Amino acid sequence: MPIEVVPLGAGQDVGRSCILVTIGGKNIMFDCGMHMGYQDARRFPDFSYISKTGNYTDVLDAVIISHFHLDHCGALPFFTEMCGYDGPIYMTHPTRAICPILLEDYRKITVERKGETKFFTSEMIKNCMKKVIPINLHQTIKVDDDIEIKAYYAGHVLGAAMIYVRVGQESVVYTGDYNMTPDRHLGSAWIDKVRPDVLITESTYATTIRDSKRSRERDFLTKVHECVANGGNVIIPVFALGRAQELCILIESYWDRMGLDVPIYFSTGLTERATEYYKLFINWTNQKIKSTFAQRNAFDFKHIKAWDKNNLDLPGPMVLFATPGMLNAGTSLQVFQKWAPDPKNMVIMPGYCVAGTVGAKVLLGQKVIEVDKYTKFEVNLQVRNLSFSAHADAKGIMQLIRMCEPKNVVLVHGERGKMDFLRSNIMKDFGIPCHMPANGCSIKMETSKALEAKISTDLLKSLLSSSNSNNNAAVNNIPQNQDVSAIQSLRPSTSVPINATLLMHFNTNNQTSSPTIEIVKSVDFSAATAAAAATTEEDTQTQKKRELFFQVEKPFQIAFLLSDVAHTESTTDEVTVRILDLLQIALARTIGKTCVIERNASMIVIRTVSLWLDQLKPQTLCIKWSFEDEDLASFILGTVNTVLYDQQDFGLNSVQSATA
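Criteria and cut-off values
Residues numbered from 1 in each chain as written. Predicted model: local features only at pLDDT ≥ 70, side-chain atom pairs only at ≥ 80, totals over all residues. Heavy atoms only, no water. Helix = DSSP H or I, 4+ residues; strand = E, 2+ residues; numbered from the N terminus. Buried < 20%, exposed > 50% of the residue type's maximum accessible area, 1.4 Å probe, protein only. Contact = heavy atoms within 4.5 Å. Pairing = 2+ DSSP bridges. Axes fitted to C-alpha atoms, helices over the stretch in contact; angles between N-to-C directions. Core = buried A, V, L, I, M, F, W, Y, C linked by side-chain atoms within 4.5 Å. Polar contact = N/O pair within 3.5 Å; in protein donor to acceptor, adjacent residues only side chain to side chain. pLDDT = per-residue confidence, 0-100. 1 Å grid on protein atoms, 1.4 Å probe; cavity = no way out; pocket = protein on both sides within 12 Å on 5 of 7 lines; lining within 4 Å. Points joined across faces, edges and corners; volume = space filled by probe spheres on them. Nonpolar A, V, L, I, M, F, W, Y, C, P; charged D, E, K, R; others polar. Left-handed = near helix turned anticlockwise from the far one by under 90°. Phe/Tyr/Trp six-rings, centres within 6.5 Å; stacked < 30°, edge-to-face > 60°. Lys NZ or Arg CZ within 6 Å of the ring centre and 35° of its normal.

## A few points about the overall build of the chain
When its secondary structure is counted, the chain shows 20 helices and 30 strands. For the chain, the residues scored as buried account for 49% of the 660 residues in total. Residue pairs at least 24 apart in sequence account for 70% of intrachain contacts in the chain once pairs closer than 6 positions are excluded.

Next comes the structure, spelled out in structure tokens:
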């Protein structure tokens, strides 16, 4: 059964992550985010693709949220409380704790500051979170009798997880956002070699290979220090949790080391709450943070204070970490608008900015920014783009593919041109299909199905005893002299050792059901052994029912073999004899004296291999053989194909002229 993937968001785009996957007849939605580049209905995914009637609960079997960033969870209250989805929702414990806080901040900005009316309320956020089922890392959760999910550490932000979903024998991994490089407070992403049928991975930095983290940190600190030393203000747009803590730890230690007293501020008041989250979920941080946490909390900052809006009118210098990270709203946009006209000031963009946001326009070098039809301002300050983004770069994405060994890759959460470049590299380096569907476009990937087989205890015992006997014989009977010039004959072996036979039993009443497979000792299918072991005629008949033969039919053109047949009158028996003559000569040339070729008027027999012409279909050659002569039959089939289709010269012309 194919696995179908449809991006409802983040298809050849960054933002509004929402991926619908159909696997094993089950429908699972990964993430439910909003797009920061839109302020209208386009900010949320188009859920009508799931159900035209709005009956989402019956269609979807589960919703799984990878982490708390709004472009991955921002539409969740809208989907559950306003669209009516009432099914299971899964996320990790840190994501469940932090999600409602960021959603409430988003609601306040949208409703209270921008005056939107058709938006979810604080009560809706609470009701939405009540439906969430928290999961732990490496914990296997059974959604129902068929669906299993398991979370793996993704780095990126506190609580971020990659999700492994298994339905029957089919599996998919959804990465969400992840980071393959450890940083100052989180470890690197990791996953088992699960070999999923499909890996759905982000590709934000599909063409980027970052330089060393140490050089980026040094560059960041140097630029901040130079700006404040010249009396300028530095604004660093960040999200409340994640890169904010990373950069705060970095600048705190630098201020300590350099003895600086320039004030550093952090907006939104989440600094205190962030400390509590990192205390609560200390096991999600890296080993250094965990090992030193008892002596010193790395998130208790001495130099960093909470931001007050009155500080905006104070003379510089100062450093401000302001949210949100793309300058699309809130404190970061308000302060940036105030500081942007002064060339002494500086903005450092440490993360990715979605197209359409103020941050993206600034990085493009626009000198006049139009926020809306009422707000426009000039940009004269210094702009620096230093990537401290916690997304995997191109090297990290390839590393993850190598780690989990998928059969197919689907790229999401990236820009089309960059994704296309990465896609070609993945197909070239790994030799596996790679897709990059746009929003609303469906792709289907066929999966291979493994079948369970029963193997008899007697067979296992016989194989083990045979292996031990061979090993002992090899040790005790090492040949003293070997003729290195001897070469094995290219002709088929007359005795093929077959240890076991695989039987597939098909249910003729149910064509869709899988066959049952049995692996048995080959002796059970030996006609000679069966006859020798049978004590009565009834036993013999019972044993013969378990004989195993193969048969193929080879259609051919008589005129291709016998060019004169159209001009002469020949009976069917005469034509049969002439064709068998051709085959006998060819087989005698190729097989030689290794096997006896028996011949009568209507058939050629070589051991258990029989060749004859079908009486009902005169231009069809039938070939039948026992499983014991599989190797011999394969050799004979090669010769037959040459005679019937290639018309090579085996001395056949002389035979045709002699019988004409």
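The discussion continues.
## Details of the sheet that holds strand β29 (residues 609–613)
Strand pairing in a sheet relies on backbone hydrogen bonds. The paired strands run either parallel or antiparallel. Ordered in space as β26-β30-β29-β28-β27, the five strands form an open sheet in which the pairing is antiparallel. What marks the edges here is a single partner per strand, and that holds for β26 (549–555) and β27 (597–599). Averaged over neighbouring strand pairs, the angle between their axes works out to 15° when direction is ignored. One ladder, built from seven bridges, connects β26 with strand β30 (residues 620–626); its direction is antiparallel.

## Quick word on the nonpolar core
F79, F220 and F336 are the most contacted members of the largest nonpolar core, which has 134 residues in total. Setting aside residues up to four positions removed in sequence, F336 forms contacts with I235, L327, V347, V358, V362, F377, V379 and L381.

## Some remarks on the environment of N233
With respect to the helices and strands, N233 occurs in strand β12 (residues 233–237). For N233 and W339, which are 106 residues apart along the polypeptide, the C-alpha to C-alpha distance reads 7.7 Å. If sequence neighbours within four positions are ignored, N233 has contacts with C227, G316, P317, M318, W339, N345 and M346. Engagement of the side chain of N233 in a polar contact is seen with the backbone nitrogen of M318, the distance being 3.1 Å.

## Quick look at the confidence of the model for the chain
Here the chain averages 84 in pLDDT, while 86% of its residues score no lower than 70. The low-confidence segment residues 540–545 (pLDDT under 50) makes three contacts with residues lying over four places distant or belonging to another chain.

## Description of the layout of surface pockets
The volume enclosed by the second largest pocket comes to roughly 500 Å³. Taken together, 22 residues form the lining of the second largest pocket, with K114, N328, L333, V371 and D372 sitting closest to its centre. With four residues, the single largest contributor to the lining of the second largest pocket is helix α10 (residues 330–339).

## Describing the side chain of D614
Relative to the elements of secondary structure, D614 occurs in the loop between β29 and β30. With relative accessibility at 16%, the residue D614 sits in the buried group. A distance of 2.9 Å separates a polar side-chain atom of D614 from the backbone nitrogen of L616.

## A few points about empty space enclosed by the protein
Counted by the stated rule, this structure contains three cavities of 30 Å³ or more. The space that makes up the largest cavity amounts to roughly 310 Å³. Together, 25 residues line the largest cavity, and H69, F239, Y352, S389 and H391 are the ones closest to its centre. Residues belonging to the lining of the largest cavity are distributed by class as follows: 13 nonpolar, nine polar and three charged.

## Some remarks on the packing of helix α12 (residues 394–404) against helix α13 (residues 416–430)
Here α12 crosses α13 at 35°, and the two axes come no closer than 11 Å. Crossing geometry of α12 relative to α13 is assigned as right-handed. Along the contact surface, α12 presents I397, M398, I401 and R402, while α13 presents L422, N425, I426, D429 and F430. Here the contact of α12 with α13 is composed, by residue class, of six nonpolar, one polar and two charged.

## Here's the deal with the packing of aromatic side chains
In total, this model carries 20 aromatic pairs according to the counting rule given. Ring centres of F266 and F321 lie 6.3 Å apart, and the angle between their planes is 25°; this geometry places the pair in the stacked category. Of this pair, F266 sits in strand β13 (residues 264–266) while F321 sits in strand β15 (residues 318–322), and the two are 55 residues apart along the sequence. As far as the burial class goes, F266 and F321 line up, both buried. One aromatic cluster is present, built from ring pairs that chain together F44, F47, Y56, F78, F79, Y85, Y106, F119 and F120. Its end group placed over the ring of F44, R43 keeps NZ or CZ at 5.8 Å from the ring centre. Stacked on the ring of Y205, the Lys or Arg R210 has its end atom at 4.7 Å from the ring centre.

## A closer look at the pairing of strand β28 (residues 603–606)
Judged from the three bridges that link them, β27 and β28 form a sheet pairing that is antiparallel. When the sheet's bridge partners are listed, R599 is paired in β28 with I604. Between β27 and β28, which follow one another and run antiparallel, lie three residues. With four bridges joining them, β28 and β29 adopt antiparallel strand pairing. Paired with I604 across the two strands is L611, which belongs to β29.

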